[in-house]
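# Results of the structural survey
Single-letter residue listing:
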Amino acid sequence: MDFVELLEQVQRSPEALTIGPDWAQGRTSFGGLMAALVYTVMRSKVPAERLPRSLAITFVAPVTPGLAVSFEAEVLRSGSAVSQVLGRAMQNGEVVTLIQGSFGAPRQSSVSVQALPTPMIKAPEQSQELPYIAKVTPEFTRHLAMRWGLGGMPFSGNPSREMGGWVRLRDQAPNRMLDEAHLLALVDAWPPAVLSLLSKPAPGSSLTWTIEFIQPLIPIAADQWCLYRAEIEQARDGYGHIAAGLWSADGQLLAISRQTVTVFA
């Protein structure tokens, strides 16, 4: 199933969903997809006017492709404007992905601050394509189109603290609009920026991930490019701390991301 089909399936049958090997990321299933599936179940528990503001995601254990996964969510508290929701994915009776989310309705406020300027990089058609190559790139990348524009490729020994470029989901209908579930996949599609510092392959993965959505989400067609930029803030003792942002092609900030990643090198 493609990305949208999986989201629709988890809405119909959250108690048992099988994610195919085409969504594999090494020995686990693609983290951005897992986050999107848990989020989709969480979203159904909250009134539409309460928009997703932030998600704190922990990848507790690998999600084995081809085995059934169940999804559940509960509202921890629903205040006058904000709902706190806990979501989880379970496989073989164990938690594999855990998300705590905050959903809030708009408030009247005198505070208004514009986002920082959008990074300047080459246009998608002028940027290096990162193609899907069977048994070389992660399986899930067959579902995404990526163009490199900042920093180095993984394991290139590039000393830059930056990584990024353009990204979009493949084979999306032009009349379908991006939502927060799509943004989760687009942000997490990129490898941890610390991997570009290495000169030879080594395992690395997200440990925790916090993402904040800029609301209201501007209308963007799902087949349009988005710009991603990550910066390594610090790395030591096998852990790296990375801040990132995602923008629309016309420079509108969509999401702010922070990750703690593990590096086995």
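Residues numbered from 1 in each chain as written. Predicted model: local features only at pLDDT ≥ 70, side-chain atom pairs only at ≥ 80, totals over all residues. Heavy atoms only, no water.

## Examining the overall build of the chain
The condition is simple: Under the scheme used here, helices are H or I runs from DSSP no shorter than 4 residues and strands are E runs no shorter than 2 residues, and both carry numbers assigned from the N terminus. Exposure classes here rest on a 1.4 Å probe applied to the protein chains alone. A residue is buried below 20% of its type maximum, exposed above 50%, and partly exposed in between. Contacts: residue pairs with any heavy atoms within 4.5 Å of one another.
Along the backbone of the chain there are 3 helices and 14 strands. Considered along the principal axes of its C-alpha atoms, the chain spans approximately 50 × 50 × 40 Å. Across the 265 residues of the chain, 48% fall into the buried class. A separation threshold of at least 6 residues defines the contact pool for the chain, and within that pool the share at least 24 residues apart is 68%.

## Some remarks on the packing of helix α2 (residues 31-43) against helix α3 (residues 180-188)
Quick note on the threshold: Fitting a line to C-alpha atoms yields each axis, with helices limited to the stretch in contact; the angle taken between N-to-C directions then spans 0 to 180 degrees. An angle below 35 degrees is read as roughly parallel, one above 145 as roughly antiparallel, one from 65 to 115 as roughly perpendicular, and any other as oblique. Two helices cross in a left-handed way if the nearer one is turned anticlockwise from the farther one by less than a right angle. They cross in a right-handed way if the turn is clockwise.
At a minimum axis distance of 8 Å, the contact between α2 and α3 shows a crossing angle of 160 degrees. As the angle between them shows, α2 and α3 are arranged roughly antiparallel. Regarding α2 and α3, the two cross each other, and that crossing is right-handed. Every residue of α3 that contacts α2 at Gly31, Gly32, Ala35, Ala36, Tyr39 and Thr40 is listed here: Glu180, Ala181, Leu184, Ala185 and Asp188.

## Some remarks on the domain arrangement of the chain
The following threshold applies: Annotation comment: domain bounds sourced from an automatic or database domain assignment. Here the quantity called buried area is the accessible surface, traced with a 1.4 Å probe, that two parts lose on coming together, added over both.
Taken domain by domain, the chain comprises domain 1 (1-105) and domain 2 (119-264). Domain 1 and domain 2 are separated by 20 Å when their C-alpha centres are compared. Contacts between the two partners involve 26 residues from domain 1, matched on the other side by 26 residues from domain 2. Roughly 2,100 Å² is buried in total at the junction of domain 1 and domain 2, and carbon and sulfur atoms are behind 66% of that figure.

## A word on the sheet that holds strand β13 (residues 239-248)
Across a sheet, strands are paired by hydrogen bonds formed along the backbone, either parallel or antiparallel in direction. Cut-off, in case you're wondering: A pair of strands is treated as paired once DSSP finds two or more bridges between them.
The 12 strands lie next to each other as β1-β5-β6-β7-β4-β11-β14-β13-β12-β10-β9-β8, forming an open sheet whose pairing is antiparallel. The strands lining the two open edges of the sheet, one partner per strand, are β1 (17-18) and β8 (128-129). Bridge analysis of strand β6 (residues 82-91) against strand β7 (residues 94-104) gives 10 bridges, and the strand direction is antiparallel. Note on β7: the bridge partner recorded for Arg88 is Leu98. Those strands touched by α3 are β4 (51-59), β9 (144-151), β10 (162-169), β11 (204-213), β12 (226-236), β13 and β14 (253-263), and its axis lies near 140 degrees from that of β11.

## Comments concerning the layout of surface pockets
Here is the rule we go by: Points on a 1 Å grid over protein atoms alone make up a cavity when a 1.4 Å probe fits among them but cannot get out, and a pocket when they form an open set with protein on both sides within 12 Å along at least five of seven lines; lining residues each have an atom within 4 Å of a point. Grid points are joined across faces, edges and corners, and a volume is the space filled by probe spheres set on the points.
Put simply, the largest pocket is a space of about 1,200 Å³. Lining the largest pocket we find 43 residues, and of these Gln25, Gly26, Pro138, Gly204 and Ser205 sit closest to its centre. Listing elements by their share of the lining of the largest pocket, those giving two or more residues are β2 (24-25), β3 (28-29), α2, β11 and β14. Ranked by the residues each element gives to the lining of the largest pocket, the list is headed by β11, at 4 residues.

## Looking at the UniProt feature "domain: Acyl-CoA thioesterase-like C-terminal" (unreviewed entry) in the chain
Worth spelling out the cut-off: UniProt positions are given in the numbering used here, feature names are shortened, and annotations may be inferred rather than shown by experiment.
The feature "domain: Acyl-CoA thioesterase-like C-terminal" (unreviewed entry), as annotated in UniProt, sits at residues 124-263 in this numbering. Helix makes up 6% of residues 124-263 and strand makes up 43%, while its end C-alpha atoms are separated by 29 Å.

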